[in-house]
Amino acid sequence: MGEALAAAPDASARLEIIRQQMEKGQALFVTGKYAEAAEIFEAGFREHPYSAFLFNAAVCHEKNGRLELAVDALERYLDVDREAPDRDEVSERIARLRAALAEQAQAEAEADVEAEPAGEAAPRSLAPAESESTMKSLVVIETTPSSAPVQIYRLVDPEAPAFVAGRPNPGWRLVAERVAPVSLTLAVGRYHVVVEKFREFNRSEADIVVSPGHVHHFQANLSQGAFMAFLRVTGNVPGAYVYVDDPEQQRPPWGRVPHGELIPPGKHRIVVEAPGYRKFTRTVELAASDRIEVAVKLVRVDYGVVKVDANVPEAWITIDDRPLGLWKRGEPALEAELPAGVHRLTVSADGHKDLHTTFEVPRGQVLPVRAHLIPQYPRGAAWTQAAVAAALLGTGTFLGIQSNQLHDELRADRDAGHLDPTDPRIDRGRWFSIGANAGFAIGGVFALLSTYNFVKDPYPDSTLQRGKRREFEDRRAPAAPSAAGVIPWRTIATGVDFTQEAW
Amino acid sequence: MPRRAGSVALALLVGACSWSRFDEVSEPAPVEVLERPSALKAGFGNVVAVAAQGERVRALVGGVPLASPAAHFELGFDERPGIQAVSAVVCESRGPRACFLATQPAGLRKFLLRGEEQERCFAVGLGRDDSTLGLQVRCDAVSVTQPVPEVVEAALTEVFEGAAEPPELFAASDREEEPTLLAATPRAKSAWFYPPLESVPQELVPPRAPGEQYGRAVAVVGISGGRIFAVGDPGKSEVWLYRWLGEEPEVLGCLGGAAGLGRSLAAGRIDEDDEEELVVADNGDVWILRGAALAAASPAPDEPCGVDWLPEGAELDRLTCDDVDGSHVCEGSEFGAALIVADLDGDGSGEIIVGAPGMSAAGKRRTGAVLVYDWSQEGGAAFADLRLLSSSTEGSRFGAALAVAPQRGRDVILAGAPGANKAALIYCSDLYTGESARCR
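Nothing here was measured: the structure is a model prediction, and the numbers come from that model. (Residues numbered from 1 in each chain as written. Chains lettered and ligands numbered in written order. Predicted model: local features only at pLDDT ≥ 70, side-chain atom pairs only at ≥ 80, totals over all residues. Heavy atoms only, no water.)

Our focus in this paragraph is the overall build of chain B. When helices and strands are counted, chain B shows four helices and 28 strands. Within chain B, the fraction of its 440 residues that count as buried is 59%. Counting contacts in chain B only where the partners sit at least 6 residues apart, residues at least 24 apart contribute 54% of the total. Split by element, the accessible area of chain B, about 16800 Å² in all, is 47% carbon and sulfur. (Helix = DSSP H or I, 4+ residues; strand = E, 2+ residues; numbered from the N terminus. Buried < 20%, exposed > 50% of the residue type's maximum accessible area, 1.4 Å probe, protein only. Contact = heavy atoms within 4.5 Å. Areas by Shrake-Rupley, 256 points an atom, 1.4 Å probe, with all protein chains shown as cover.)

Residues and elements named next belong to chain A. There is about 430 Å³ of room inside the second largest pocket. Going through the elements one at a time, helix H6 (87-114), strand E3 (172-179) and strand E4 (182-186) are the ones with two or more residues in the lining of the second largest pocket. The dominant element in the lining of the second largest pocket, judged by the number of residues it contributes, is H6, at five residues. Its residues assigned to classes, the lining of the second largest pocket shows eight nonpolar, three polar and nine charged. (1 Å grid on protein atoms, 1.4 Å probe; cavity = no way out; pocket = protein on both sides within 12 Å on 5 of 7 lines; lining within 4 Å. Points joined across faces, edges and corners; volume = space filled by probe spheres on them. Nonpolar A, V, L, I, M, F, W, Y, C, P; charged D, E, K, R; others polar.)

Right, let's talk about the sheet that holds strand E10 (residues 241-244) of chain A for a bit. Residues and elements named next belong to chain A. Reading across the sheet, the four strands line up as E11-E10-E13-E14 and stay open at both edges, with antiparallel pairing between neighbours. The open sheet has two edge strands with one neighbour each: strand E11 (255-256) and strand E14 (280-286). In the sheet, E10 pairs with E11 via two bridges, with the strands oriented antiparallel. Paired with Tyr 241 across the two strands is Arg 256, which belongs to E11. (Pairing = 2+ DSSP bridges.)

What follows concerns the side chain of Gln53(B). Residues and elements named next belong to chain B. Within the fold, Gln 53 resides in strand E2 (residues 47-53). The exposure class of Gln 53 is buried, given its relative accessible area of 12%. Apart from residues lying up to four places away in sequence, Gln 53 is in contact with Arg 109, Lys 110, Glu 119, Arg 120 and Glu 177.

Residue and element names in this part refer to chain B. Spatial strand order, E22-E23-E24-E25: four strands in an open sheet with antiparallel pairing. Each edge of the open sheet is held by one strand with a lone partner, namely strand E22 (338-342) and strand E25 (380-387). Taken pair by pair, the neighbouring strands of this sheet meet at an average axis angle of 25°, ignoring direction. As paired elements, strand E24 (residues 369-376) and E25 share seven bridges and run antiparallel to each other. Bridge assignment links Val 370 to a residue of E25, and that residue is Arg 387. (Axes fitted to C-alpha atoms, helices over the stretch in contact; angles between N-to-C directions.)

Another point: the nonpolar core. What tends to happen in soluble globular proteins is that the nonpolar side chains get buried as a cluster. Phe41(A) and Leu138(A) are the most contacted members of the largest nonpolar core, which totals 35 residues. Elements with a contribution of two residues or more to this core: helix H2 (11-30), helix H3 (34-47), helix H4 (51-64), helix H5 (67-80), H6 and strand E1 (137-144) of chain A. Each residue touching Phe41(A), except ones within four places of it in the same chain, is listed here: Met22(A), Gly25(A), Gln26(A), Phe53(A), Asn56(A), Ala57(A), Cys60(A) and Met135(A). By size, the runner-up hydrophobic cluster in this structure holds 26 residues, among which are Val286(B), Leu316(B), Phe335(B) and Leu371(B). (Core = buried A, V, L, I, M, F, W, Y, C linked by side-chain atoms within 4.5 Å.)

Residue and element names in this part refer to chain A. Relative to the helices and strands, Asp 86 is located in the loop between H5 and H6. A residue is classified by how much of its surface remains accessible, and Asp 86, at 8% relative accessible area, is buried. Those residues in contact with Asp 86, other than ones at most four positions away along the chain, are Phe 55, Tyr 77 and Lys 136.

What follows deals with the interface of chain B and chain A. Counting from both sides, the interface comprises 31 residues of chain B and, opposite them, 29 residues of chain A. Buried surface at the junction of chain B and chain A, summed over both partners, amounts to about 2400 Å²; 56% is from carbon and sulfur atoms. Linking chain B with chain A are one salt bridge, by the criterion used here. Counting every contact that joins chain B to chain A gives 17 residue pairs in polar contact (both at pLDDT 80 or more). For the side of chain B that touches chain A, the secondary structure elements donating two or more residues are helix H1 (2-17), helix H2 (20-26), strand E1 (31-34) and E25 of chain B. In terms of residues, the side of chain B that touches chain A owes the most to one element, H1(B), which gives six residues. (Buried area = accessible area lost by both parts, 1.4 Å probe. Salt bridge = Lys/Arg side-chain N within 4 Å of Asp/Glu carboxyl O. Polar contact = N/O pair within 3.5 Å; in protein donor to acceptor, adjacent residues only side chain to side chain.)

So, about the state of the cysteines. In a disulfide, the sulfur atoms of two cysteines are held together by a covalent bond. All names here are of chain B. Inspection of every chain in the model, using the stated rule, returns five disulfides over all chains. Shown here is the disulfide that connects Cys 321 with Cys 330, its sulfur atoms set 2.0 Å apart. Between Cys 321 and Cys 330, the S-S torsion sits near -85°, and that sign places the bridge as left-handed. Taken N- to C-terminal, the disulfide-bonded cysteines of chain B are connected 1-2, 3-4, 5-6, 7-8, 9-10. (Disulfide = S-S within 2.5 Å.)

All names here are of chain B. With respect to the helices and strands, the residue Ala 209 is situated in the loop between strand E13 (202-204) and strand E14 (217-223). Classification of Ala 209 as exposed rests on a relative accessible area of 58%. For Ala 209 and Lys 189, which are 20 residues apart along the polypeptide, the C-alpha to C-alpha distance reads 9.0 Å.

These results come straight from atomic positions and should not be treated as a statement about function.
What follows is the structure, given as structure tokens:
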């Protein structure tokens, strides 16, 4: 059975399903829903024939007062796991339950005679001992390579010293001796796993704690020479680079999100980076056989990059009134690293309308924009008309001034009594006045025409074409190493303790 | 500053838009120009004279004396049009009725022509009427040759015989209802006069031989009961005075003085008595002699020419160009080239009008000017006004000839500007304070 589990290509997935089902039954059991819990465990066994399901179902039946079902489950348990380390205890428990059933049947018969017709009697509930009402857990032990001899010792004396290989170790009892992979149904308690010397590999060992109603999965990589923990890093930015114990990032990344692999137990400093995101740093502490997932939520940096080019041969680009530079066709777009947010952009080119607009720089992303500059509407006619208008208005002004001067002179002469009507200044002033009026009138018409032609602009305004936002360019090594073989300096890993986020 | 510039621009625009303002400023003008007839060529304005009767005023304006004809102008009274009509050209020097235009013609309120009284006549020059040689007087369209002294007739004969150039004529009259005509011609060294409404000349012969320029200026001074005739002889700086009280004229005396004395003469009532004063110009100054003193003076024909023989107080005042205010140039101004006495302000006393055709004024050389002097008992003679012709150019010689044109209780000045071929009526003066659209 254990080999079938280890050989399955999706063993981890199956083990996860088993674990979920085991924990579901455990949750129902804890809340007193024994029948539903028994049903879950029975179903779990039908789908995944591990004896732990049967034992736990038996406990539930017993707690529920269904002793015959409990007996049945325990008998099947013994049938399934003929090498169960608790075989004797289970057999004794079956016998005790049978005796209880017999007593129960006799009591019912007596009750039927004395209390006819008393109706159907409710089943008796013989509460099991406290130690017998504890769930057992499924413990899976795998080695790499497989077929390594595995010994599991249980701490039976809480006062016993720590297990030391090669010594008598009083207080520790050998409960199983198998060849990996191993799947065991173990009672709650502290155990010590020993992988004996196998082929060219040295012995490895580790303490484990079995909690009720769980699935414990232990892995030992014999080549590492030590038990390993398992670290998985997930996050909101797939492909983000994960560095472990490499603050200066001198080595290739440990992996890319999401990534998990065995890792030596102890404190580890995790650094997660992705282009356009702030660096994430956290220190985690793992025990041997821990499986920890660190979910990283990377936050984008406060700045972005804008790349600007244009549809003209040359364009002068200014952002926030500071010149960015002269862009020329054929050259890469001008780049500017700017604080995220709205910025002013001015793009100008000879013979084209200036572009004055705003754009929003995304956080931690590249925004390509292209200035679509529209040619300026030709103003030749307007300038010509303006020149004619200026000349006419200037002439009009000159003639007007001359006319006024002549009028003033004539007025003075008249006031002095000298003016005679044949004075040529009268006709001259009159013609100057008419000329001034003509200059003003015609010049005014030309000025209006010129103004209209200066204002007139049938062409649309220059526009800014915003491209699709892109992530920052990833300048790291193109390929991240695979999970296997990344950490060559450790030997064994296993142990499951969902102290952080379980996955 | 922008506000001021805006105001200037607005004023410029609004002002320049109106060309009719030039009509408004020039009509009616304070100076009215007599348009030169096309028949008169150069020198128009050299000769001016006025003959008035009531409100009818006629002006004679001629060109170059002896050579050019003259023209009649009917003048209006202050309102437009200033000049109502122009008559035919008179005193043409060619043809059988040749007339040599006088250098100084005389206007006559009345004159007896062919036994009939005619009004508003002019002694226009010496000439020939059929077979008669003499002084030509023209009244309207009628022109009659008056007899002249024999010596003058002889001179004319030489002219028509081609033996001599035409003689100049200088004539003057008074403003009496029946005026006396005084005439002189230096060529013949002869001066003569025609008593009122008479056509027989009486020659005025000085007791001593006259100079070559005897008669270059003449004036008739009205005095009670008669006239005093003044005949200038500027070549000798003398002025001969003759008193005529209706009988034979008598030599009153000879005035002498500075060089050129007698180059211009005029008469008119200046002071407060009833006698007219005599105004005499020499080459530099203008002298005013009291008419009453002249009338009362004892004849002194044998006295040397001077003023010693005059009674005390005969010299009323002296006018000089230096009295003129302003920046006008007196040097070479020909101050006193022409003289008249006219009552410009209508107060009954005449002002002395002095022509200075060589005066440089208003920044123009020899543009000419007419200077007005007022005289009062308290202050004597004082410069009052300077009149210019605004259209004058350099060399216009405005003020070369002067005449008085009466205008409903006051006089206006008719002045020639031969350099500009113009003659103009000067309606306004600083002294005039009456209501007139021309002098607003």
